[in-house]
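Analysis of the macromolecular model
Residues per chain are reported as follows:
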Amino acid sequence: MSENNDFDFKTVLELSKLEPLNSDEEKQLKSSFNKILNHVEVIKNKVLSSDDSSLEMTHVHSENNALREDNEDSIEETNMNVDSALMNAPDSRDRCFITPLIIQAKKEIENE
Amino acid sequence: MSNLNKLQARELREGLDKKDFSSVEVVKDCLKSIKESQDINAFISVFEDQALKQAKSCDEKLATGDTSPLLGIPVALKDAILVKDFKTTSASKMLENFTAPYDAHVTEGLKKSGAVIIGKTNLDEFCMGSSGEHSAFGATKNPWKHDRVPGGTSSGSTAAVSAANIPFSLGSDTGGSIRLPAAYCGVVGLKPTYGRVSRYGVIAYASSLDQVGCIARSSYDTAFLLSIIAGYDKRDATSVNKTSWDFHKTISEYPKKLKIGLPKEYFNVDGIEDDIKVALDKTIKFFKDQGAEVTEISLPHTDLALSVYYIIAPAEAASNLSRYDGIRYGYRSKEASDLNEIYTKSRSEGFGLEVKRRILVGNYVLSSGYYDAYYRKAQKIRTLVRNDFKSTFEDQGVDLILAPTSPTTAFKLGENEQDPIQMYLNDIYTIPASLSGLPGISFPIGKDKNELPIGCQLISNYWNENLLLQVVNRYEEEIGWDKIATQYA
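Residues numbered from 1 in each chain as written. Chains lettered and ligands numbered in written order. Predicted model: local features only at pLDDT ≥ 70, side-chain atom pairs only at ≥ 80, totals over all residues. Heavy atoms only, no water.

Turning our attention to the overall build of chain A. A tally of regular secondary structure across chain A gives five helices and two strands. Of the regular secondary structure in chain A, the N- to C-terminal order runs α-α-α-α-β-β-α. Residues classed as buried in chain A amount to 28% of the 112 residues present. Contacts in chain A between residues at least 24 apart in sequence constitute 25% of all its contacts with a sequence separation of at least 6. With an accessible surface of roughly 8,100 Å², chain A has 46% of that area assigned to carbon and sulfur atoms. (Helix = DSSP H or I, 4+ residues; strand = E, 2+ residues; numbered from the N terminus. Buried < 20%, exposed > 50% of the residue type's maximum accessible area, 1.4 Å probe, protein only. Contact = heavy atoms within 4.5 Å. Areas by Shrake-Rupley, 256 points an atom, 1.4 Å probe, with all protein chains shown as cover.)

Structure, rendered in structure tokens:
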């Protein structure tokens, strides 16, 4: 675990697009985050043999992945139509997802 | 007849075919049982009207001689599996109002086979947990003792079968989420080989580990259900084009020769309850008496498996759950004023504590500077764990590995809530097979001093679910259901 753990915790929260809902949750999350990292430290410290290239895993067993044909027909089979895709959208209009402003915050625009 | 909910699927099939009772009667008894045991909180949604309508249609089809295998038999699905036009929540506030736009592959199979889908069952949020307590819809309780956990994450699917609300159900198993609750609730739970059952339409947690499986009150019913859901599906790239067959039809074919391995790393450790050791000893003796050769084996990387799992699974979870951003579907915070706030506030308000915990760990071990030390190393050690099994099955000629499913029986609700590591340790015996993609089954072998069920786990080589089911079937037949833990046998 990093020595600068407080920095790590804040950085990883930001990376995860998460923020604690209150100070209790922050304490709980931070404490369990540290406990889990302490527990998995054994992996970090495990010394593997000098030639460990044969240990790279791409699949758990010897069977190959069954990939579908890479063509338009096979993609169509699994795609949803627009109405299905929008039916669970929190906000939509004119067959589009509605999102808030991306480049500038609303208030900034109002102030201009 | 009354209490038709207590019959196994095999008996329901016979009774329905002989017109001893109708599907409507069966479904009504199941619905009554669900209502009577509502306090165990096994279901998130019950499709009462739809199920009765479907049962009526099944009775009409039965009258015309339709022989679809599950025609008229009720089944429930873990609420991480999509059923078109019904809510699928994954027990999260994030998906509280999410309506499935299509059927999962396994749902299609059930519908095609004539099963009556009676409802969706509770789980640990996004399949993360070991106890069944981490649900936005409240904890599920163990039907045996309501102050105990049922185990997770397929908590509702298992509790509902144990309480005889339904004959069988579907769950999913990532690190033990079918086998562990099956042990705690005294039922049979099977995790098939990775790739045996398509995950198309199943909400993803850790994609290199997730597998759909079956829960029932007997090996026969488990096999019956597996025969329906197994098979190749091109919509899941990890689905393997392997011949599946009617597992229930070959279940009586007990092998002439059987070599069972007992991993010393699973038995010679502190922490296994004495009652579990005694029950396992009796089970080992049973198989010896049946002619099996029993030998001690070693799986030397077992001590690293739990840590490997709690690096790989959170890493995959962090990646899979990044899709929940409040834009296209799922919960959107009302407090957000710009896009970045929508992401952060929606995720912070929509996810529960255990999910957040795993996302944080996952992103940490994947981030620059830590990736090689944690994630990459964990993947390599995962190969070593898998190679332990490979050597046991291929070099030493072991057919089956017998082990405890869990070190304890069902613990009290809230007991491990504050300590995630203590909670994760419940998965210690189920995780190695999951990391290796191997099939495993848990079946009841007795009760402890508190009258709580004890589970035994069997692990076989890839694609050998048939052997697991045959061996458990022999055990059930010889020991007799009245001596096994299943509550309503």
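The helix and strand inventory of chain B stands at 16 helices and eleven strands. Here the C-alpha radius of gyration of chain B, 21 Å, is about what a compact globule of 489 residues would show, namely 23 Å. Taken over the C-alpha atoms alone, chain B extends approximately 65 × 55 × 45 Å along its principal axes. Restricting to contacts in chain B with at least 6 residues of sequence separation, those with at least 24 account for 76%. Carbon together with sulfur atoms contributes 45% to the accessible area of chain B, which is approximately 16,100 Å² in total. For chain B, the distance from the average site of its 58 positive side-chain charges to the average site of its 62 negative ones is 3 Å. (Rg over C-alpha atoms; globule rule 2.2 N^0.38 Å. Lys, Arg positive; Asp, Glu negative; His and termini not counted. Charge placed at Lys NZ, Arg CZ, Asp CG, Glu CD.)

Two residues of an α-helix separated by three or four positions point the same way, owing to the 3.6 residues in each turn. Residues and elements named next belong to chain B. When the terminal C-alpha atoms of helix H2 (residues 23-36) are compared, their 20 Å separation across 14 residues agrees well with the 20 Å that a helix rising 1.5 Å per residue should span. Where H2 is concerned, the buried positions are Ser 23, Val 24, Val 26, Val 27, Asp 29, Cys 30, Leu 31, Ser 33 and Ile 34. Close packing links the buried residues of H2 with helix H1 (9-17), strand S1 (43-46), helix H3 (48-63), strand S2 (74-78) and strand S3 (116-121). (Expected span 1.5 Å × (residues − 1).)

Now for the side chain of Arg 196 of chain B. All names here are of chain B. Among the structural elements, Arg 196 can be located in the loop between strand S5 (188-191) and strand S6 (211-216). Engagement of the side chain of Arg 196 in a polar contact is seen with the backbone oxygen of Trp 463, the distance being 3.2 Å. Those residues in contact with Arg 196 that sit more than four places away from it in its chain are Gln 211, Ala 230, Gly 231, Lys 242, Thr 243, Ser 244, Trp 245, Phe 247, Trp 463 and Glu 465. (Polar contact = N/O pair within 3.5 Å; in protein donor to acceptor, adjacent residues only side chain to side chain.)

Counting residues at the interface gives 57 residues for chain A, matched by 75 residues for chain B. A combined buried area of about 5,800 Å² lies between chain A and chain B, and 66% of that area is made up of carbon and sulfur atoms. For the pair chain A and chain B, the interface holds two salt bridges. Between Lys 345 of chain B and Glu 19 of chain A there is a salt bridge, and its shortest N-O distance comes to 3.3 Å. Looking at the side of chain A that touches chain B, the elements that each hand over two or more residues are helix H1 (5-15), helix H2 (23-45), helix H3 (72-78) and helix H4 (82-86) of chain A. When residues of the side of chain A that touches chain B are assigned to their parent elements, the largest contribution, 15 residues, is made by H2 of chain A. The residue makeup of the side of chain A that touches chain B, split by class, is 30 nonpolar, 13 polar and 14 charged. (Buried area = accessible area lost by both parts, 1.4 Å probe. Salt bridge = Lys/Arg side-chain N within 4 Å of Asp/Glu carboxyl O. Nonpolar A, V, L, I, M, F, W, Y, C, P; charged D, E, K, R; others polar.)

Before going further, it helps to spend a moment on unusual backbone geometry. Cis peptide bonds are those with omega within 30 degrees of zero, and the linkage from Gly 152 of chain B to Thr 153 of chain B qualifies with 20°. Its place among the elements puts Thr 153 of chain B in the loop between S3 and helix H5 (155-162). Its identity is not glycine, yet Asp 94 of chain A carries a phi of approximately 50°, on the positive side. Mapped onto the fold, Asp 94 of chain A is located in the loop between strand S1 (92-93) and strand S2 (96-97). What makes Asp 94 of chain A exposed here is its relative accessible area of 67%. If you check the backbone angles, Asp 85 of chain B has positive phi at about 70° while not being a glycine.

All names here are of chain B. As a volume, the largest pocket reaches approximately 820 Å³. In this structure, the largest pocket is lined by 27 residues; those nearest its centre are Tyr 102, Gly 201, Val 202, Arg 323 and Tyr 329. Residues that form the lining of the largest pocket fall into these classes: 14 nonpolar, seven polar and six charged. When its volume is computed, the second largest pocket comes out at roughly 490 Å³. As for the second largest pocket, its lining consists of 25 residues, and the residues nearest its centre are Asp 270, Gly 271, Pro 407, Thr 408 and Leu 425. Going through the elements one at a time, helix H9 (274-289) and helix H10 (302-320) are the ones with two or more residues in the lining of the second largest pocket. Looking at the lining of the second largest pocket residue by residue, the classes come out as seven nonpolar, eight polar and ten charged. (1 Å grid on protein atoms, 1.4 Å probe; cavity = no way out; pocket = protein on both sides within 12 Å on 5 of 7 lines; lining within 4 Å. Points joined across faces, edges and corners; volume = space filled by probe spheres on them.)

Moving on, we come to the packing of aromatic side chains. Per the stated rule, a full pass over the model turns up 22 aromatic pairs over all chains. A centroid spacing of 5.0 Å and a plane angle of 75° characterise the contact between Phe 286 of chain B and Phe 287 of chain B, whose relative ring orientation is edge-to-face. When sorted by exposure, Phe 286 of chain B lands in the same class as Phe 287 of chain B, which is buried. A connected cluster of aromatic rings, assembled from ring pairs, spans Phe 9 and Phe 33 of chain A together with Tyr 364, Tyr 370 and Tyr 374 of chain B. Against the face of Tyr 220 of chain B rests Arg 10 of chain B, its NZ or CZ located 3.8 Å from the ring centre. In this structure, Arg 474 of chain B is placed above the aromatic ring of Tyr 254 of chain B, and the distance from its NZ or CZ to the ring centre is 4.1 Å. (Phe/Tyr/Trp six-rings, centres within 6.5 Å; stacked < 30°, edge-to-face > 60°. Lys NZ or Arg CZ within 6 Å of the ring centre and 35° of its normal.)

Relative to the helices and strands, Met 57 of chain A resides in the loop between H2 and H3. By relative accessible area, which is 16% here, Met 57 of chain A ends up buried. In this structure, the C-alpha to C-alpha distance between Met 57 of chain A and Arg 95 of chain A, residues 38 residues apart in sequence, is 43 Å. Those residues in contact with Met 57 of chain A, other than ones at most four positions away along the chain, are Gln 379, Arg 382, Thr 383 and Arg 386 of chain B.

We now examine the sheet that holds strand S10 (residues 440-447) of chain B. Residues and elements named next belong to chain B. Across the sheet, which stays open at both edges, the eleven strands sit in the order S1-S3-S2-S4-S6-S5-S10-S11-S9-S7-S8 with mixed pairing between neighbours. This sheet does not close on itself; its edge strands, each paired only once, are S1 and strand S8 (293-297). Pairwise comparison of adjacent strand axes, ignoring direction, gives a mean angle of 30° for this sheet. In terms of strand pairing, S5 meets S10 through three bridges, oriented antiparallel. Considered in S10, the bridge of Leu 190 is made with Ile 441. Lying over the sheet, H2 contacts S1, S2 and S3, oriented at roughly 15° with respect to S3. (Pairing = 2+ DSSP bridges. Axes fitted to C-alpha atoms, helices over the stretch in contact; angles between N-to-C directions.)

A few words now on the nonpolar core. All names here are of chain B. Counting residues in each nonpolar core, the largest one holds 169 residues, and the members touching the most others are Ile 118, Phe 126, Leu 170, Phe 287 and Leu 402. Among the elements that take part in this core, H10 stands out by supplying twelve residues, more than any other. When near neighbours in sequence (up to four residues on either side) are disregarded, Phe 126 contacts Ser 90, Ser 92, Met 94, Leu 95, Ile 203, Tyr 205, Leu 321, Tyr 324, Phe 351 and Val 355. (Core = buried A, V, L, I, M, F, W, Y, C linked by side-chain atoms within 4.5 Å.)

As a general feature of sheets, a regular strand has side chains that alternate between the two faces. All names here are of chain B. Burial analysis of strand S4 (residues 168-173) places six of its six residues in the buried class, which makes it a mostly covered element. Here S4 shows a buried face lined by Phe 168, Leu 170 and Ser 172 and a second buried face lined by Ser 169, Gly 171 and Asp 173. Direction of pairing for S2 relative to S4: parallel, over a ladder of three bridges. Bridge pairing in S4 places Ala 76 opposite Ser 169. As paired strands, S4 and S6 are joined by six bridges and run antiparallel to one another. Counted as the bridge partner of Ser 169 is Ile 215 from S6.

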